[in-house]
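Results of the structural survey
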Amino acid sequence: MTWETWSTRVRAGISSLRARFDPRLAGRVVVGIGAVGMLAIGAEAAFRAELVPPAARMPTAFYSRPVPWGGDGEGEPMPIGAMASPILERRVPVRRADVPDHLVEAILAVEDQRFFKHDGLDLKRIGGALVANVRAGGIVQGGSTITQQLAKNLFLSAERSPLRKV
C-alpha cells in the first residue's frame, strides 16, 4: 500500500466519522458524566462524614484536627508516626533551632530545591517528572515535594502509582 492510498483511506474514514459525530452531543455527555462523578464524590464524602466519628478521621485538606505533637505532658517528645512497628522506626519531632542549618540546606538541595517557591505542590517538578517517566517508559523520577513526602509517610503506605499521585 502506498502512502497516497493510505492517506486517502484515512481521510475518507475521518470524513465519515465527522458526518456521524455531533460535537455538541459529545460535550453534553462529557459534562453529564463529570456532574454525575462530582455528585457521587460528594455523596460519598457526606456518607463517610456521618459514619466515621470525628476523632477517627484522618486529617485532610477539607477536615483537620489538632495533632498533639508537642509531647506527652511530662517532657517526653511524642512520636509522630511509626513504620510497620515501633521497633523499626520511631519519629520524634525536634525544634528547628536544634537542627544545623547545613543539614536543612543539604536536605533541600537533594529533595526539594524549590521548597520556598511553592506551597507544598510543585507543578513544575511534577510535570518534569511526568515527562522523564514517559520518555523512560517507567517510573524513573518522582515529583513529590518534602511536604507531600511527609504527608504520605505519616498517613499512607509506600505505594507508587499515578492515581496515588493525584
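Remember, predicted model here, so these are calculated numbers, not experimental data. Per chain, residue numbering runs from 1 following the sequence as it is written. Local features in this predicted model are restricted to residues of pLDDT 70 or higher, and side-chain atom pairs are both shown and tallied only at a pLDDT of 80 or more, whereas totals for entire chains, interfaces and linings draw on every residue. Side-chain descriptors were evaluated using all non-hydrogen atoms of the structure, hydrogens and water having been removed beforehand.

1. Concerning the overall build of the protein chain
Per the secondary structure count, the protein chain includes six helices and zero strands. The N-to-C order of helical and strand elements in the protein chain reads α-α-α-α-α-α. Accessibility here uses a 1.4 Å probe with only protein chains present; expressed as a share of the type maximum, an area under 20% marks a residue as buried, one over 50% as exposed, and anything in between as partly exposed. Burial statistics for the protein chain: of 166 residues in total, 8% are counted as buried. Helical segments are the DSSP runs of H or I of at least four residues, strand segments are the runs of E of at least two, and each set is numbered from the N terminus.

2. With respect to the pattern of salt bridges
In the sections that follow, a salt bridge refers to a side-chain nitrogen of Lys or Arg positioned within 4 Å of a carboxyl oxygen of Asp or Glu. Taken as a whole, this structure holds four salt bridges when the rule is applied. Residue Asp112 is joined to Arg125 by a salt bridge in which the shortest nitrogen-to-oxygen separation is 3.7 Å. With a gap of 13 residues between them, Asp112 in the loop between helix 3 (101-111) and helix 4 (123-136) and Arg125 in helix 4 connect regions that are remote in the sequence. Taking the relative accessible area as the measure of exposure, Asp112 reaches 0% and is therefore buried. Arg114 is paired through a salt bridge with Asp122; the nearest N and O atoms lie 2.9 Å apart. Among the residues examined, Asp122 registers a relative accessible area of 2% and is labelled buried.

3. Quick notes on the side chain of Asn133
Within the element layout of this structure, Asn133 appears in helix 4. Within the local environment of Asn133, its side chain forms a polar contact with the backbone nitrogen of Gln141, the two atoms lying 2.9 Å apart. Residues contacting Asn133, with those up to four places away along its chain left out, are Gly138, Ile139, Val140 and Gln141. Here a polar contact is recorded for every N or O atom pair within 3.5 Å, except that within protein the pair must consist of a potential hydrogen donor and a potential acceptor, and residues adjacent in sequence are included only if both atoms are side-chain atoms. Only heavy atoms matter for contacts: two residues are in contact if any of them lie within 4.5 Å across the pair.

4. Some thoughts on the packing of aromatic side chains
Paired rings are identified among Phe, Tyr and Trp, the last through its six-membered ring, by centres lying within 6.5 Å, and are further divided according to the angle between planes into stacked (under 30 degrees), edge-to-face (over 60) and tilted (the rest). For the structure shown, the criterion picks out two aromatic pairs. Measuring from ring centre to ring centre gives 5.1 Å for Phe115 and Phe116, while their planes differ by 85 degrees; the resulting arrangement is edge-to-face. Residue Phe115 is classed as partly exposed on the basis of its relative accessible area, which comes to 29%. On the basis of relative accessibility, which here comes to 71%, the residue Phe116 falls in the exposed class.

5. Some words on the side chain of Thr145
Turning to its location among the elements, Thr145 is positioned in the loop between helix 4 and helix 5 (146-155). Residues contacting Thr145, with those up to four places away along its chain left out, are Asp112, His118, Gly120, Leu121, Asp122 and Arg125.

6. Focus on a nonpolar patch on the surface
A contiguous nonpolar patch, built from Met1, Trp3, Trp6, Val10 and Ile14 and spanning about 590 Å² of accessible area, is present on the exposed surface. Along the polypeptide, Met1 turns up in the segment before helix 1 (3-20). Exposure remark for Met1: the relative accessible area of 69% places this residue in the exposed category. Nonpolar side chains (Val, Leu, Ile, Met, Phe, Trp, Tyr) are joined into patches within 5 Å and like charges within 9 Å, using only residues with over 30% relative accessible area and no salt bridge. For the accessible areas, the method is Shrake-Rupley and the probe is 1.4 Å, while residue cover comes only from the protein chains on display.

These figures come from the coordinates and say nothing about function on their own.
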